[in-house]
Amino acid sequence: MSDNSINNLKQAITKLRTQFDNEDLDLDAKKTAYLGKKGSFNELSKEIKNVSNENKREAGKLLNELKQYLQKNLVDNSQQKTEWTDLTLPGIKQKKGHIHPISQAIEEISDIFQKIGFTRVRYPEVDWDFYAFEALNMPSDHPARDEWETFFVKTPQNKKMGKMVLTPHTSNGQVREMERLKSKPPIRMINVARCYRRQQDVTHTQMFHQFEGLVVDKGITIQHLKGTLDYFAEKFYGPGTKSRIRPFHFQFTEPSFEVDFSCHICKGTGLITDEHGDKNKCSFCKSGWHEVGGAGMVHPNVLKAGGIDPQEYTGFAFGWGVERTYTLKEGLNIDDIRYFYSGESRFLKQF
Ligand code: PHE
């Protein structure tokens, strides 16, 4: 063996030490890897047979030092781990999540209607054209369809049902509910579902939610509709909130209305008195009222599509956006509903 042998050993020892210092193993694994029977130290010790006789003593000393270094540093690590812990210190608070504000609103809305005998149902959010339009008195060439900026699904068309759509409103639940109840009123449905339209701005998201009320029975009139709207207004927005219906047009209701609720900030007056006693336009509603959605008396053709005799039964229906209805609540001040679906926890944490 050449005299270089001791230098080779020295190099190997340095290499092993560096490796050991940088090794990111847990204590037991590190012990086995370096000091175990087949560990790096024993492997390296075998090299002593290559060291020339005159250097054997020095080699032995170096290996001994290495072993002590390895042992000491393994022990040091393990001591760090078992360091004393003060169990009386306050714990670290875990962040808690909560139900999404829109899910909370859906629960609240459903509860309000369930208390007066409505049954909460859910119908497909990807549905046939038939339920979304055709059965609602809107044949395929009807221009009124344009108002629902619909997403169509690329699937083969069905002869009776037509194309598939992402439901642009919850009104697809109307005829489905009549069918579920085998065309036998009374019907008191509250259908809450996701809806989709090709629209996106501060007051619209392409995916949003609607809730649809449908009541069909003998002798149902506009009075029942108005009473239900007033009841909801008081329960959801607080005592004193009023509803208002204005003439409108939908193919599936006759007569049809737009529904407004009185503004809780100016109490429906449209005016706010400032600190000097001057009256200014209410900046939240501008007119005393907020428009929330549509309603009307179920069109005879829709009852017929659901197998119900319009001579015997009448009904009312309404459908509004959950997001819109919710953002009008007192004190919320949400000026861009897209935040709801941004996944931005700093926004969502507030509710
Ligand atoms: N579906 C209508 C819309 O999306 C709302 C509506 C529902 C109107 C029920 C009348 C009756 O605008």
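Residues numbered from 1 in each chain as written. Predicted model: local features only at pLDDT ≥ 70, side-chain atom pairs only at ≥ 80, totals over all residues. Heavy atoms only, no water.

**Q** Help me out: how do you make sense of the overall build of the chain in this one?
**A** Secondary structure assignment for the chain yields 11 helices and 12 strands. Against the globule reference of 20 Å for 351 residues, the chain gives a C-alpha radius of gyration of 37 Å, more extended than a compact globule. Considering only C-alpha atoms, the chain reaches an extent of 115 × 70 × 35 Å along its principal axes. Counting every position in the chain, which comprises 351 residues, the buried fraction comes to 42%. In the chain, of all internal contacts separated by at least 6 residues, the share reaching a separation of at least 24 is 67%. When the accessible surface of the chain is split by element, carbon and sulfur atoms take 50% of a total near 20500 Å². For the chain, the separation between the mean place of its 50 positive charges and that of its 46 negative charges on side chains is 5 Å. (Helix = DSSP H or I, 4+ residues; strand = E, 2+ residues; numbered from the N terminus. Rg over C-alpha atoms; globule rule 2.2 N^0.38 Å. Buried < 20%, exposed > 50% of the residue type's maximum accessible area, 1.4 Å probe, protein only. Contact = heavy atoms within 4.5 Å. Areas by Shrake-Rupley, 256 points an atom, 1.4 Å probe, with all protein chains shown as cover. Lys, Arg positive; Asp, Glu negative; His and termini not counted. Charge placed at Lys NZ, Arg CZ, Asp CG, Glu CD.)

**Q** So what exactly am I meant to see when it comes to the site of the ligand here?
**A** For the ligand, the set of nearby residues contains 15 residues, the closest of which are W148, H169, S171, R197 and Q210. For the ligand, an oxygen atom lies 3.2 Å from a polar atom in the side chain of W148. Within the contact set of the ligand, a nitrogen atom lies 2.9 Å away from a side-chain nitrogen or oxygen of S171. In isolation the ligand has 320 Å² of accessible area, and contact with the protein removes 93% of it. Its atoms largely coinciding with the cavity grid, the ligand occupies the largest pocket. At the level of elements, β6 (207-217), β11 (289-298) and β12 (314-321) are the ones that each hand at least two residues to the shell around the ligand. For the shell around the ligand, the element with the highest residue contribution is β12, accounting for three residues. (Near = heavy atom within 4 Å. Polar contact = N/O pair within 3.5 Å; in protein donor to acceptor, adjacent residues only side chain to side chain. 1 Å grid on protein atoms, 1.4 Å probe; cavity = no way out; pocket = protein on both sides within 12 Å on 5 of 7 lines; lining within 4 Å. Sits in = over half its atoms within 2 Å of the grid points.)

**Q** Sorry, what's going on with the nonpolar core here?
**A** Inside soluble globular proteins, nonpolar side chains tend to come together where they are buried. Core analysis: the biggest nonpolar cluster contains 35 residues, and F113, F211, F232, F261, F318, W320 and V322 have the highest contact counts within it. What F318 contacts, discounting residues up to four positions off in sequence, is F113, I190, F211, E212, G213, L225, T228, G294 and A295. In terms of nonpolar packing, the next biggest core, distinct from the first, is built from 27 residues, A135, A144, L303 and I308 among them. (Core = buried A, V, L, I, M, F, W, Y, C linked by side-chain atoms within 4.5 Å.)

**Q** Looking at this structure, I do not really get the pattern of salt bridges. What am I missing?
**A** One side chain can pair with another of opposite charge once the charged atoms of both are near each other. Counted under the stated rule, the structure contains 17 salt bridges. As a salt-bridge pair, E125 and R194 come within 3.0 Å of each other at their nearest N and O atoms. Of the two residues, E125 sits in the loop between β1 (119-121) and β2 (126-128) while R194 sits in strand β5 (residues 187-196), which places them 69 residues apart along the sequence. Accessibility expressed as a relative area gives 34% for R194, which makes it partly exposed. (Salt bridge = Lys/Arg side-chain N within 4 Å of Asp/Glu carboxyl O.)

**Q** Where do I start with the domain arrangement of the chain in this structure?
**A** For an interface, size is often stated in terms of accessible area lost upon the parts coming together. We note that the domain assignment places domain 1 (6-82) and domain 2 (101-348) within the chain. On a C-alpha basis, the centres of domain 1 and domain 2 stand 76 Å from each other. (Domains from an automatic or database assignment.)

**Q** Help me understand the layout of surface pockets, please; the structure alone is not making it clear to me.
**A** Take a probe with the size of a water molecule and roll it over the atoms, and the empty space left behind shows itself. By volume, the largest pocket amounts to about 1000 Å³. Lining the largest pocket are 43 residues, with E291, V292, G293, G321 and R324 sitting closest to its centre. For the lining of the largest pocket, the per-class residue count stands at 16 nonpolar, 18 polar and nine charged. Taken as a whole, the second largest pocket encloses approximately 260 Å³ of empty space. For the second largest pocket, the lining is made up of 17 residues, of which D129, F133, S140, R145 and F152 are closest to its centre. When its residues are assigned to classes, the lining of the second largest pocket shows five nonpolar, four polar and eight charged. (Points joined across faces, edges and corners; volume = space filled by probe spheres on them. Nonpolar A, V, L, I, M, F, W, Y, C, P; charged D, E, K, R; others polar.)

**Q** It is not clear to me how the environment of E58 should be interpreted in this structure. Could you clarify?
**A** Position of E58 relative to the elements: it lies in helix α4 (residues 56-81). With near-sequence residues (within four places) excluded, E58 lies in contact with I6 and K10.

**Q** Help me understand the sheet that holds β2 in this model?
**A** Whenever strands of a sheet pair, they do so through backbone hydrogen bonds, lying parallel or antiparallel. With respect to topology, three strands assemble into an open sheet ordered β2-β4-β3, the strand pairing being antiparallel. Looking at strand neighbours, the two that pair on one side only are β2 and β3 (151-158), the edges of this open sheet. Neighbouring strand axes in the sheet, compared pairwise and without regard to direction, differ in orientation by 25 degrees on average. In terms of strand pairing, β2 meets strand β4 (residues 162-166) through three bridges, oriented antiparallel. (Pairing = 2+ DSSP bridges. Axes fitted to C-alpha atoms, helices over the stretch in contact; angles between N-to-C directions.)

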